Amino acid sequence: MNKLAKFLNAHISGLVTDKPEILAAYSRDMSVLEMMPRFLCIPKTAEDIQFILRFSAKLAKKGYKLPIGVRGAGLDTTGADLTDGLLISMEKFNTIEEIDTRESLVRVKAGITLGELNDALALFGLELPVVASRKQTIGGLISTALIDEAAKKYGSIYYFTDRIEVVLPNGEIFQTTSLTKRGIKLAQLKADDQNAKTNTTIYDLTEKNQAVIAKIRESVHNRSGYRMVTEVNRENKPFDVLPIFFGAQGTLGVITEVILKVQPIQYHTRQYVFEFTSINQALAFSEKAKELEPRTMNLYDGRIFKTLESLGRKAKLLESNTATAQSTAKFYIYLDFAENFFRIRKIDREIEKLRPLADKSYVDQEKYKADFNNFNFGLKLYLNSHDTAEKLAIVDKTSIPAEKLPDFLRNLQSLEQKFHQNLPVFGSLLTDLYSIRPEFDLTDILNRKNLIFFLQSYAKIVYEVGGSLAGGFAEGRTLSVITSSRTDLEIKEFYHQIRQTFDADNIMSPGVKQGATLTNFVRHLREAPLIGFIEY
Ligand SMILES: Cc1cc2nc3c(=O)[nH]c(=O)nc-3n(C[C@H](O)[C@H](O)[C@H](O)COP(=O)(O)OP(=O)(O)OC[C@H]3O[C@@H](n4cnc5c(N)ncnc54)[C@H](O)[C@@H]3O)c2cc1C
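If you're wondering where the values come from, they're calculated on a predicted model, not measured in any experiment.

**Comments concerning the pattern of salt bridges**
Per the counting criterion, the structure on display carries 30 salt bridges. Notably, a salt bridge pairs aspartate 336 with arginine 295, separated by 2.8 Å at the nearest N-O pair. Placement of aspartate 336 in strand E14 (residues 331–339) and of arginine 295 in the loop between helix H11 (279–290) and strand E13 (296–301) is noted, with a sequence separation of 41 residues between them. With a shortest N-O distance of 3.0 Å, arginine 303 and aspartate 301 are connected by a salt bridge. Using a relative accessible area of 8% as the deciding quantity, one classes aspartate 301 as buried.

**Some thoughts on the sheet that holds strand E4 (residues 86–89)**
Judged by pairing direction, the sheet is mixed, and its four strands sit side by side in the order E1-E2-E4-E3 without closing on themselves. Each having just a single partner strand, strand E1 (15–17) and strand E3 (68–71) make up the two edges of the open sheet. Across the sheet, the mean angle separating the axes of adjacent strands is 20° when strand polarity is ignored. Relative to strand E2 (residues 39–42), E1 is paired through three bridges, and the arrangement is antiparallel. The residue of E2 that forms the bridge with threonine 17 is leucine 40. Packed onto the sheet, helix H1 (residues 3–11) meets E1, E2 and E4 and runs at close to 175° relative to E1. Where helix H3 (residues 46–61) meets the sheet, its contacts fall on E1, E2, E3 and E4, and the angle it forms with E4 comes to roughly 165°.

**Structural notes on the sheet that holds strand E6 (residues 105–109)**
Pairing within the open sheet is antiparallel, and its five strands lie in the order E5-E6-E10-E8-E9. Edge positions in the sheet fall to strand E5 (96–100) and strand E9 (173–175), since each has one partner strand and no second. Within the sheet, the average angular offset between the axes of one strand and its neighbour, ignoring direction, is 10°. With four bridges joining them, E5 and E6 adopt antiparallel strand pairing. In the strand pairing of E6, glutamate 98 is matched with arginine 107. Sitting on the sheet, H3 is in contact with strand E8 (161–167), E9 and strand E10 (254–261), with an inclination near 50° to E8.

**Focus: the packing of helix H9 (residues 194–208) against helix H19 (residues 489–502)**
The relative placement of two packed helices comes down to the angle between their axes together with the axis-to-axis distance. Between H9 and H19, the shortest axis-to-axis distance is 11 Å and the interhelical angle comes to 165°. Between H9 and H19, the interaxial angle falls into the category roughly antiparallel. The hand of the H9/H19 crossing is right-handed. Contacts between H9 and H19 involve Thr198, Thr201, Ile202 and Leu205 from the former and Phe494, Gln497, Ile498, Thr501 and Phe502 from the latter. Classifying every residue of the contact of H9 with H19 by side-chain character gives five nonpolar, four polar and no charged.

**Some details on the environment of tyrosine 332**
Examined against the element boundaries, tyrosine 332 turns out to sit in strand E14. Expressed as a C-alpha distance, the spacing of tyrosine 332 and asparagine 298, which sit 34 residues apart in the sequence, is 8.1 Å.

**Quick notes on the domain arrangement of the chain**
Each domain of the chain was delimited in the assignment, giving domain 1 (1–265), domain 2 (268–384) and domain 3 (398–524). Taking only C-alpha atoms into account, the centre of domain 2 sits 29 Å from that of domain 3. Contact residues are listed per partner, giving 20 residues for domain 2 and 15 residues for domain 3. Of the roughly 1,400 Å² buried where domain 2 meets domain 3, counting both sides, 68% is carbon and sulfur surface. Looking only at domain 2, the three residues that lose the most surface to domain 3 are Leu299, Arg303 and Leu383, adding up to 35% of its buried area. Where domain 2 packs against domain 3, one counts one salt bridge. Between arginine 303 and glutamate 416 there is a salt bridge; the shortest N-O distance is 2.9 Å. Joining domain 2 to domain 3, the criterion identifies five residue pairs in polar contact (both at pLDDT 80 or more).

What counts, and where the lines are drawn
- Residues numbered from 1 in each chain as written.
- Predicted model: local features only at pLDDT ≥ 70, side-chain atom pairs only at ≥ 80, totals over all residues.
- Heavy atoms only, no water.
- Salt bridge = Lys/Arg side-chain N within 4 Å of Asp/Glu carboxyl O.
- Helix = DSSP H or I, 4+ residues; strand = E, 2+ residues; numbered from the N terminus.
- Buried < 20%, exposed > 50% of the residue type's maximum accessible area, 1.4 Å probe, protein only.
- Pairing = 2+ DSSP bridges.
- Axes fitted to C-alpha atoms, helices over the stretch in contact; angles between N-to-C directions.
- Contact = heavy atoms within 4.5 Å.
- Parallel < 35°, antiparallel > 145°, perpendicular 65-115°, else oblique.
- Left-handed = near helix turned anticlockwise from the far one by under 90°.
- Nonpolar A, V, L, I, M, F, W, Y, C, P; charged D, E, K, R; others polar.
- Domains from an automatic or database assignment.
- Buried area = accessible area lost by both parts, 1.4 Å probe.
- Polar contact = N/O pair within 3.5 Å; in protein donor to acceptor, adjacent residues only side chain to side chain.

Spelled out as structure tokens, the structure:
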């Protein structure tokens, strides 16, 4: 073991390793990039993280850089959880510290997964209603500012986060808190207190930059930069640094603990699937369906299910209802509700009125339960099926304004022809976030080049309709290659100042969000596909 790893191991209760076979397992996420860390650290306590960050800051002061990356479950699609320095994996930070059922609050370590948390909360009839993979960690959800499919209904992870504890890049612990104007004044008097110092510095920065913040607010659907800084210092609201960490992607510190608001489980659910022959027909339906406030409303290009059919995996739900005739559906809408018993009854009646707007409809009934599960699993099967090469998660969750979706789909058709690709769209009609999965063989140099042309061409059609590439989560190492050049210079400078305020030595995930270059993107493109069935 390297001397440095030995030294770090002697000072922390967790583990530091430089074994290549272990490091290799942490060199990939769900993005197209690959970076081998020099060291992996699995801390057990916040003190371990403090020691590591202080050590790295000391090295930086001596002119030696040991960049620090942070990893939750490693599901990031933008390469933000990769580093060629020391990677802190939050896998041991997976405990629930406290559940307050009366106040519906829960205190957890940031590495706990959504699945682990919701399984425990279910015992108390509570849940964190974020519709996402069970494997994602709470720290990861916050740090990517993930807009999940139920975000329109419930408000995403942002709405449910009350407070967080963070180890700052200088090794100090910071706990977020809401402050009134008087609270800010008191903090300004406590020059030696780290919490007070962070609060007042960010307060001053946001006060000085109100004009820039107003500009950031104008681009509602863009999740790049430290976009949530717009919520830190609002008129008539208490000041709180917390929002700045949403979408920070591990660049401002390591989140160790989180207090979440949770809510009672809604046990009564209902699912529906509707078929349409045109996008305009589907959109007209969705406008009406939105009034019923579903939990999720997803749009699927019918080609996804056609592909599955050609692979002999036709969705059972569609099979049972179109046993004789071939389906002509071009689009499917999946609707899902979680409400109380009486609301569900009402929704059933309202949906009955909407059914004539669709070509066909499939209503949740006991006998179709398994078929609905099979329908939902269809997307995962499709994403794991490779026609020519791996389906790459490179432009997931693009934000497209609702009224521009038909234009976007038309432009996408041209892109399909240009790149000889099938690009069926899937996404949420409630959050206006849509994904496509282009297929490129990363083992082939020409294909890797084509992937870059594709990314640039795709960005062009997105921005043409007023959309945003970083729509559903932050930009990381991949999307920042595009988003950075499209960010207003004043806004860029402001984001730079925020980062400098937290991390003057630039030790936390350099190259993530800011400083990403096409050269680095190409250098870190992985050369082999991801293996195994990926539970997206
Ligand atoms: C193909 C694919 C599709 C996806 N689509 C969806 C989807 O449709 N809906 C959905 O809800 N989710 C989706 N996700 C997941 C989502 O995009 C995020 O990647 C997820 O929130 C990351 O959680 P994680 O625990 O894996 O964090 P990681 O991927 O490990 O990390 C994500 C970011 O958070 C930072 N981070 C993690 N933990 C901490 C911490 N404790 N402190 C500071 N920074 C931290 C990392 O540095 C990194 O920048 C998808 C993922 C994949 C693989």
